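Letter by letter, the chains look like this.
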Amino acid sequence: MTTKRLWTLLVIAATAASGWAQKDSLTLQEVVVTGTRNAVDVRHLPMTVTIIDRKTLTEQQQVNMLPTVMQQVPGLTVTSRSMMGYGVSTGAAGGINLRGVSGGAGQLLVLIDGHPQYNGVYGHPISDSYQTLMAERVEVLRGPASVLYGSNAMGGVLNIVTRSMKQDGMKTHINLGAGSWGTVQTEASNQLRSGRFSSTVAAQYSRTDNHRPNMGFEQYGGYVKLGYDLTDNWNAYMDVNLTHFNASNPGTVDQPKLENDQWITRGAASLVIENHYDKTSGALSIYDNFGRHKINDGYNQKGGKPQTDLFRSKDAVAGISWYQSAQLFEGNRLTVGADYQHIYGRAYYTNRQTDEVVTTTQRLKQSAHSHENEVAGYADIRQDITEWLTVDAGLRYDHHSTAGGEWVPQFGVVWRPLTTGELKATASKGFRNPTTREMYMYGTANHDSLRAERLWSYELAWRHRIGDFSYGANVFYLKGDNMIQAVQGRNINTGVIENSGVELEASYRINQHWQLSTNHSLLHMVHPVVAAPKYKGFLGGHFNYSHWTAIVGVQYLGGLYMEVGNNEQKENVCLVNASVSYAVTKNFGLWVRGENLLAQRYELNLGYPMPRATFMGGMNITL
């Protein structure tokens, strides 16, 4: 389908919708923070943001939030290799891909309350860290967000907004479950508010044998958030999120491995002071995202020898972030901010028996011990020209201690021809600075001449709400250059990315018992990448009656790239998942969940077949 035809379809849809809508058809508008730092009505924001609230995140009893996010966001895929656990290193899953831009390459940024979360050595997110227990909601901004969030936000951001208690009282929730392949999941949380003080404390434990030998997974996680309202206009909070997991990688079916084990600890901590006035709001935050990794690379089951050394790495992404947003006059909002980020990474090997460091130049080109700094300032201004027209412009200057400086502009327009519909257009730039691995590790290392990857994205979107029915349509085109690739044994800025596509989504509340939702995406890639399907579709049904709640979802991935290049391989996958819960009493409920109910044979990671039909069951207790 040509771009010209897509634009025509959007214009026709907007025109037709104006005839359906009633002038007094008003709905409660969604408020987001990801695209602008401060809370704003999504109708006035030129970017496309998908919001997944806590009810949606928890009603399918998923310990990790990414499976639910994948269902709800068109154009976003997450790779898997087992019933539970994504892992790290070679053979790992949990690769987040949005519009053909890969989080595994560090081009998609995960945030917790606006603070960046990624591995300081390799630059990618750690998917096993994103536990449902800490999330109030998840906001996914599709397209570059580097003006506000800097490096790694070139393809978009996934912002986890953490939980907080709003009203006086105390709530305790316990979830227990068990199922196929020796899988166990447990979670407990307590929320308290007393006057100006509030707290959220949550912990979880999960484990599974998984469906293949030598594929066990075990995880411990916890989250603590303490807040205090200093005055009516000022508040402060601190939070800590910590997770540790032990994972085993069995290798591919053709080349099984033994002793390929991982012991991973990831943590994130922040201290935030916020102010909220009628015409201005802002925050000052200090944060640290850190990790400790120990990995046994294992050996081939046939003819291999056990490793004598273990790979280890330590990393941290720590920083200070400040912003202030103000309404200077009617219909105006100006946001200015500054960021400082310190990126630390160290990678080395130790003797398996003695724990002595045995790093050699054959394995890691240098000591692989790096300290990088990033300093940035930005401004974004949004102005309502009339009741039906808003313009937005932003600019960031970002300086990296090795890669140098980068100017990052962004422009957007929102036209609201209806009280319940808006047409949005954006042009935005994203970038990613080189990582410690690319600059200092292995034989391809290059710290002398690597510069930032760059990408420009253009998007046109229509969104409309008609009573209990809402729908949206997007067309986008993105092109990037300076992609870092290894050529003749050395990392250089040479690669390109050029993608275009269409995204559609709709939801309809039929009555008080039934609700339907669907989303679809078509993606064309001039240069295909792994884990990006040509087509992705989801159809979900939600039924609620008396004590019963049932959720059914059908997910289809068409033309999912498993391998690219000379040995290109693609997969088509159709998955049916369902969950049913029954509230026995006000405080006690039972649930059951089934995944891949058609028992499909499929792979999301090449060489790692996914399990057939799996089942979990458990209970919820609320006090």
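In this text, all values refer to a predicted model and were calculated from it rather than measured experimentally.

Each value, and the rule that gives it
Residues numbered from 1 in each chain as written. Predicted model: local features only at pLDDT ≥ 70, side-chain atom pairs only at ≥ 80, totals over all residues. Heavy atoms only, no water. Helix = DSSP H or I, 4+ residues; strand = E, 2+ residues; numbered from the N terminus. Rg over C-alpha atoms; globule rule 2.2 N^0.38 Å. Buried < 20%, exposed > 50% of the residue type's maximum accessible area, 1.4 Å probe, protein only. Contact = heavy atoms within 4.5 Å. Areas by Shrake-Rupley, 256 points an atom, 1.4 Å probe, with all protein chains shown as cover. Lys, Arg positive; Asp, Glu negative; His and termini not counted. Charge placed at Lys NZ, Arg CZ, Asp CG, Glu CD. Pairing = 2+ DSSP bridges. Axes fitted to C-alpha atoms, helices over the stretch in contact; angles between N-to-C directions. Core = buried A, V, L, I, M, F, W, Y, C linked by side-chain atoms within 4.5 Å. Salt bridge = Lys/Arg side-chain N within 4 Å of Asp/Glu carboxyl O. Phe/Tyr/Trp six-rings, centres within 6.5 Å; stacked < 30°, edge-to-face > 60°. Lys NZ or Arg CZ within 6 Å of the ring centre and 35° of its normal. Polar contact = N/O pair within 3.5 Å; in protein donor to acceptor, adjacent residues only side chain to side chain.

Chemist: So what exactly am I meant to see when it comes to the overall build of the chain here?
Modeler: Of regular secondary structure, the chain possesses five helices and 34 strands. In terms of overall dimensions, the chain is globule-like: its C-alpha atoms have a radius of gyration of 24 Å, near the 25 Å expected for 623 residues. For the chain, the spread of C-alpha atoms along the principal axes amounts to about 75 × 60 × 55 Å. Across the 623 residues that make up the chain, the buried fraction comes to 53%. In the chain, the share of contacts with a sequence separation of at least 24, taken over all contacts with a separation of at least 6, comes to 62%. Put simply, the chain shows about 26,400 Å² of open surface, and 57% of that area lies on carbon and sulfur atoms. Charge separation in the chain, taken as the distance between the mean sites of 54 positive and 52 negative side-chain charges, equals 3 Å.

Chemist: Looking at this model, I keep getting lost on the sheet that holds strand E4 (residues 76–78). Mind explaining?
Modeler: Picture the strands of a sheet paired through backbone hydrogen bonds; they go either parallel or antiparallel. Spatially, three strands are ordered E4-E5-E6 in an open sheet, and the strand pairing comes out antiparallel. Every other strand in the sheet has two partners, leaving E4 and strand E6 (101–102) as the edge strands with one partner each. In this structure, strand E5 (residues 96–98) lies alongside E6, joined through two bridges in antiparallel fashion. In the sheet register, asparagine 97 faces E6, and the bridge partner there is serine 102.

Chemist: For this particular structure, what's the right way to read the sheet that holds strand E8 (residues 115–117)?
Modeler: The five strands lie next to each other as E3-E9-E10-E7-E8, forming an open sheet whose pairing is mixed. In this open sheet, the two strands that pair with only one neighbour each are strand E3 (48–53) and E8. Each adjacent strand pair in this sheet contributes to an overall mean axis angle of 25°, direction not counted. Across seven bridges, strand E9 (residues 135–142) lies against strand E10 (residues 156–162) in antiparallel orientation. For alanine 135, the partnering residue across the bridge sits in E10 and is threonine 162.

Chemist: When you look at the nonpolar core in this model, what are you seeing that I'm missing?
Modeler: Nonpolar side chains in soluble globular proteins tend to be buried together. By size, the foremost hydrophobic cluster in this structure holds 34 residues, and its most contacted members are Met65, Val69, Leu76, Val138, Val140, Leu158 and Ile160. When residues of this core are traced back to their parent elements, those giving at least two are helix H3 (66–72), E4, E5, strand E7 (109–112), E9, E10, strand E29 (548–563) and strand E30 (569–583). Those residues in contact with isoleucine 160 that lie beyond four places of it in its chain are Met65, Val110, Leu111, Ile112, Asp113, Tyr130, Met134, Ala135 and Arg137. Leu109, Leu148, Tyr149 and Ile343 belong to the second-largest nonpolar core, a separate cluster that totals 22 residues.

Chemist: When you look at unusual backbone geometry in this model, what are you seeing that I'm missing?
Modeler: Peptide bonds are trans in most cases, and residues, glycine excluded, mostly fall at negative phi. We note that serine 89 has phi near 70°; this positive angle belongs to a residue other than glycine. With respect to the element layout, serine 89 can be found in the loop between E4 and E5. What makes serine 89 partly exposed here is its relative accessible area of 40%.

Chemist: Any chance you could explain the environment of valine 240 here in plain terms?
Modeler: In this fold, valine 240 is placed in strand E15 (residues 234–248). On a C-alpha basis, the gap between valine 240 and methionine 134 in space is 10.0 Å, while along the polypeptide they are 106 residues apart. Beyond its immediate sequence surroundings of up to four residues, valine 240 is in contact with Gly222, Tyr223, Val224, Ala268 and Ala269.

Chemist: Would you explain the pattern of salt bridges in this entry?
Modeler: Pairing is possible between side chains of opposite charge, provided their charged atoms come close. Summed over the entire model, instances satisfying the criterion amount to 24 salt bridges. The partner of aspartate 339 in a salt bridge is arginine 37, with the nearest N and O atoms 3.9 Å apart. Highlighted residues: aspartate 339 in strand E19 (residues 332–351) and arginine 37 in the loop between strand E1 (31–32) and strand E2 (40–41), separated in sequence by 302 residues. In this structure, aspartate 339 and arginine 37 share a single accessibility class: buried. Put simply, glutamate 438 and arginine 432 hold a salt bridge, and the shortest N to O gap is 2.8 Å. Residues glutamate 438 and arginine 432 agree in their burial class; the two are buried.

Chemist: Is there a simple way to explain the packing of aromatic side chains in this structure?
Modeler: The way to describe two aromatic rings as a pair is by their centre distance and the angle between their planes. In total, this model carries eleven aromatic pairs according to the counting rule given. Ring centres of tyrosine 458 and tyrosine 477 lie 6.5 Å apart, and the angle between their planes is 20°; on these two criteria the pair is classed as stacked. Taken together, the positions of tyrosine 458 in strand E24 (residues 453–466) and tyrosine 477 in strand E25 (residues 469–487) put the pair 19 residues apart, joining distant regions of the chain. Tyrosine 477 sits in the partly exposed class, given a relative accessible area of 32%. Arranged with centres 4.6 Å apart and planes meeting at 50°, the rings of tryptophan 548 and tyrosine 582 form a pair that is tilted. Of the two residues, tryptophan 548 sits in strand E29 while tyrosine 582 sits in strand E30, which places them 34 residues apart along the sequence. On the basis of relative accessibility, which here comes to 44%, the residue tryptophan 548 falls in the partly exposed class. The ring of phenylalanine 476 carries arginine 99 above its face, with NZ or CZ at 4.3 Å from the centroid. Here the basic side chain of lysine 294 rests over the ring of tryptophan 263, its NZ or CZ set 4.9 Å away from the ring centre.

Chemist: Teacher, can you tell me more about the side chain of glutamate 374 here?
Modeler: Positionally, glutamate 374 belongs in strand E20 (residues 369–386). Arginine 396 provides the closest opposite charge to the buried, salt-bridge-free glutamate 374, at an N-O distance of 5.1 Å. Ignoring sequence-local partners within four residues, the contact set of glutamate 374 consists of Ser151, Asp339, Tyr340, Gln341, Ile343, Asp398, His399, His400, Phe431 and Asn433.

Chemist: I would appreciate a short explanation of the side chain of asparagine 97 in the present structure.
Modeler: The topology assignment puts asparagine 97 in strand E5. Within the local environment of asparagine 97, its side chain forms a polar contact with the backbone nitrogen of glycine 100, the two atoms lying 3.0 Å apart. The residues contacting asparagine 97, other than those within four sequence positions of it, are Gly75, Leu76, Thr77, Ser102, Val529, Val530, Ala531 and Ala532.

Chemist: How should the environment of valine 138 be read in this particular structure?
Modeler: The topology assignment puts valine 138 in strand E9. By relative accessible area, which is 0% here, valine 138 ends up buried. Residues valine 138 and valine 161, 23 residues apart in the sequence, show an inter-C-alpha distance of 5.9 Å.

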